[in-house]
Amino acid sequence: TGNPIYHECSIKLLNSFVYARGMIWVFETIDLFTSYADTYSLAIFLAGVLAAEDGPIPWFSRMYIVGTCLVVMINQWTTGVVGGGKGSSSFERALANVLLALGFANLETVQRLRLQKGDTTKGDDKYTSNAHAAH
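Residues numbered from 1 in each chain as written. Predicted model: local features only at pLDDT ≥ 70, side-chain atom pairs only at ≥ 80, totals over all residues. Heavy atoms only, no water.

## Topic: the overall build of the chain
Secondary structure summary: the chain contains 5 helices and 0 strands in total. Starting at the N terminus and ending at the C terminus, the chain contains elements arranged as α-α-α-α-α. Scored against the burial criterion, the 135 residues of the chain give a buried share of 22%. In the chain, 47% of the contacts between residues at least 6 apart in sequence involve partners at least 24 apart. (Helix = DSSP H or I, 4+ residues; strand = E, 2+ residues; numbered from the N terminus. Buried < 20%, exposed > 50% of the residue type's maximum accessible area, 1.4 Å probe, protein only. Contact = heavy atoms within 4.5 Å.)

This is the structure we're talking about:
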């Protein structure tokens, strides 16, 4: 793009990959979590914060944290409504279904809804299963 700030931001994104891999290694070495999904989630979040804080835009790390918190809140709300939230209006259920289609829900809810629709394909991997927990 020719803008040095954008170039520096893109380099910081590459650094976040290194930060994440390093944190995953440290977290697994000290057995900080019982599941790989928890290890991976925290490492990715912290790597994003570090990369944003290290970048040229001073407020970006705070925006990253706020954005991540908003995604978590939307996931919880969608999961509650789609998972049988009582008292939800038809508009709320329709909005929750749109958000669900966009991926805003807890993984367990998505898998349960897939099974209810008859989809029996295995939808997890080493990041989402608990099989990796015992190393």
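## Overview of the packing of helix H3 (residues 60-82) against helix H4 (residues 90-101)
Two measures define how a pair of helices packs: the angle their axes make with one another and the distance between the axes. Two elements in contact, H3 and H4, have axes whose closest approach is 9 Å; the angle formed by their N-to-C orientations is 120°. Relative to H4, H3 is oriented oblique. For the pair H3 and H4, the crossing hand works out as left-handed. On H4, the residues that touch Ile74, Trp77, Thr78, Val81 and Val82 of H3 are Glu92, Arg93, Leu95, Ala96, Asn97, Leu99 and Leu100. In terms of residue class, the contact of H3 with H4 is built from 8 nonpolar, 2 polar and 2 charged. (Axes fitted to C-alpha atoms, helices over the stretch in contact; angles between N-to-C directions. Parallel < 35°, antiparallel > 145°, perpendicular 65-115°, else oblique. Left-handed = near helix turned anticlockwise from the far one by under 90°. Nonpolar A, V, L, I, M, F, W, Y, C, P; charged D, E, K, R; others polar.)

## Topic: helix H2 (residues 36-54)
With 19 residues, H2 ought to run about 27 Å at 1.5 Å a step, and its terminal C-alpha atoms sit 26 Å apart, in line with that. Considered for burial, the residues of H2 that qualify are Tyr36, Thr39, Ala43, Ala47, Gly48, Val49, Ala51 and Ala52. Residues of H2 that are buried sit in contact with helix H1 (4-29) and H3. (Expected span 1.5 Å × (residues − 1).)

## Considering the side chain of Thr79
Summarising the element assignment, Thr79 is placed in helix H3. By relative accessible area, which is 15% here, Thr79 ends up buried. Ignoring any residue separated from it by four or fewer positions in sequence, one finds Thr79 in contact with Ala105, Asn106 and Thr109.

## Examining the confidence of the model for the chain
Model confidence for the chain is summarised by a mean pLDDT of 81, while 84% of its residues fall at 70 or above. Confidence, expressed as mean pLDDT per element, reaches its minimum in the chain at helix H5 (residues 107-116) with 76 and its maximum at H3 with 90. (pLDDT = per-residue confidence, 0-100.)

## Things to note about the nonpolar core
If you look at the biggest cluster of nonpolar residues, it comprises 7 residues: Ala20, Met23, Ile24, Phe27, Tyr36, Ala43 and Ala47. Counting residues per element, the ones that place at least two in this core are H1 and H2. The biggest single contributor to this core is H1, with 4 residues. Residues contacting Ile24, with those up to four places away along its chain left out, are Tyr36, Thr39, Tyr40 and Ala43. In this structure, Val81, Val82, Ala96 and Leu100 belong to the second largest nonpolar core, which totals 6 residues. (Core = buried A, V, L, I, M, F, W, Y, C linked by side-chain atoms within 4.5 Å.)

## Overview of the packing of aromatic side chains
Any aromatic ring pair is given by two values, namely how distant the centres are and how the planes are angled relative to each other. Scanning the entire structure with this criterion turns up 4 aromatic pairs. Their ring planes at 80° and their centres at 6.0 Å tell us that Phe27 and Phe33 sit as a pair that is edge-to-face. The class of Phe33 is partly exposed, set by a relative accessible area of 27%. (Phe/Tyr/Trp six-rings, centres within 6.5 Å; stacked < 30°, edge-to-face > 60°.)

## Considering the environment of Arg21
With respect to the helices, strands and loops of the structure, Arg21 is situated in helix H1. Here Arg21 falls in the partly exposed class, since its relative accessible area comes to 39%. In sequence terms Arg21 and Tyr40 are 19 residues apart; their C-alpha atoms lie 8.9 Å from each other.

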